[in-house]
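Residues per chain, in single letters:
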Amino acid sequence: MSIDYTTHLRADGDLLAQAVARDLDAHVPSCPDWNVARLTIHTGMHHRWVADAVRGGGDPPPEPSKPGLRGDELIDWFRRGWAELADLLDEMDDETPAWSWSGDNRVGFWRRRTALETLVHRWDAENATGTGSPLDPLLAADGVDEMLFVMLPNGSPPYEGRSGSLSMKTTDAPGAWTLPLEGGKVPEAARSKRVEAASTAISATAEQLLLFVWGRRGPDAIQVEGDHKVFDDFLSWSM
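Focus: the overall build of the chain
Then step 1. For the chain, the helix and strand inventory stands at seven helices and five strands.
Then step 2. Helices and strands appear in the chain in the N-to-C order α-α-α-α-α-β-β-β-β-α-β-α.
Then step 3. Its C-alpha atoms give the chain a radius of gyration of 18 Å, near enough to 18 Å, the size a compact globule of 239 residues would have.
Then step 4. Projecting the C-alpha coordinates of the chain onto the three principal axes gives extents of approximately 50 × 40 × 30 Å.

Structural data, given as structure tokens:
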């Protein structure tokens, strides 16, 4: 089933804006050095940076400047950023060239990446301001997939720990993955239609599994079965 990333960008951008409007000074527990205003600036700059990457074709975009705004003006600036990016993406084909840090130099990479970035930071803002709304299970499961196939391979150090294998499964959306763990190598994940036999298996709803792999939830948010020592070594490496 395909995911309409731009529709999610608009929906989560709006929910994020509603959350930050409640209290720009609130501390963000999931980003300990930030308050909600700093989270708003970070996410708004991300949207503008992605727009520049999409417009620039193969050229890396410059770092966007900070807005220097406060209060309602900052929230309006944030809303304009995701709205203009969504309109731009609606005009673009996934295969159109666009620079990225990942090696996938297409607009399609950014369509997915920015929707997931906005989703996670929407949760950060809602968590910080005492609001909350469920994450879309299909999009959240896709975010787990992105973590395994895009984020972890880009810049992760080799795994150092007990050898074994780790399976992951979402319980409310399609999503099953296996990760071989071998000392001295960066694990290469594999997708599967069902959970393969593994020394350690973890499962959770797509929302909780996404928040876990992004460090927003601890191991108590997921179910762990099998060799907990392998899981502990994986946790030390990935987090």
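So, the packing of helix α4 (residues 107-129) against helix α5 (residues 137-151)
Then step 1. Direction vectors running N to C along α4 and α5 enclose 115°, while the axes themselves pass 10 Å from each other. Crossing hand, α4 versus α5: left-handed. Of α5, the residues touching α4 (which contributes F109, R112, R113, L116 and L119) are L139, A140, D142, G143, D145, E146, V150 and M151.
Then step 2. Grouping the amino acids of the contact of α4 with α5 by side-chain chemistry returns seven nonpolar, one polar and five charged.

Quick notes on the pairing of strand β2 (residues 176-181)
Then step 1. The buried count for β2 comes to five of six residues, which makes it a mostly enclosed element.
Then step 2. As paired elements, strand β1 (residues 164-170) and β2 share six bridges and run antiparallel to each other. The residue of β2 that forms the bridge with S167 is T178.
Then step 3. Linkage of β1 to β2, two consecutive antiparallel strands, is achieved through a turn of five residues.
Then step 4. In the sheet, β2 pairs with strand β3 (residues 190-191) via two bridges, with the strands oriented antiparallel. From the neighbouring strand, T178 faces β3, where its bridge partner is A190.

Considering the packing of aromatic side chains
Each aromatic ring pair is specified by the distance between its two centres and by the angle formed by the two planes.
Then step 1. One pass over the structure, following the stated rule, counts seven aromatic pairs.
Then step 2. Aromatic pair F109 and W110: ring centres 4.9 Å apart, planes at 75°, arrangement edge-to-face.
Then step 3. Judged by relative accessible area, F109 falls into the buried class, the value being 6%.
Then step 4. A ring pair is formed by F234 and W237, whose centres lie 6.1 Å apart and whose planes are at 50°; its orientation type is tilted. A residue pair is termed a helical-turn pair when its members lie 3 or 4 positions apart in one helix, as F234 and W237 do in helix α7 (residues 228-238) at three residues.

Reading guide: rules and limits
Residues numbered from 1 in each chain as written. Predicted model: local features only at pLDDT ≥ 70, side-chain atom pairs only at ≥ 80, totals over all residues. Heavy atoms only, no water. Helix = DSSP H or I, 4+ residues; strand = E, 2+ residues; numbered from the N terminus. Rg over C-alpha atoms; globule rule 2.2 N^0.38 Å. Axes fitted to C-alpha atoms, helices over the stretch in contact; angles between N-to-C directions. Left-handed = near helix turned anticlockwise from the far one by under 90°. Contact = heavy atoms within 4.5 Å. Nonpolar A, V, L, I, M, F, W, Y, C, P; charged D, E, K, R; others polar. Buried < 20%, exposed > 50% of the residue type's maximum accessible area, 1.4 Å probe, protein only. Pairing = 2+ DSSP bridges. Phe/Tyr/Trp six-rings, centres within 6.5 Å; stacked < 30°, edge-to-face > 60°.

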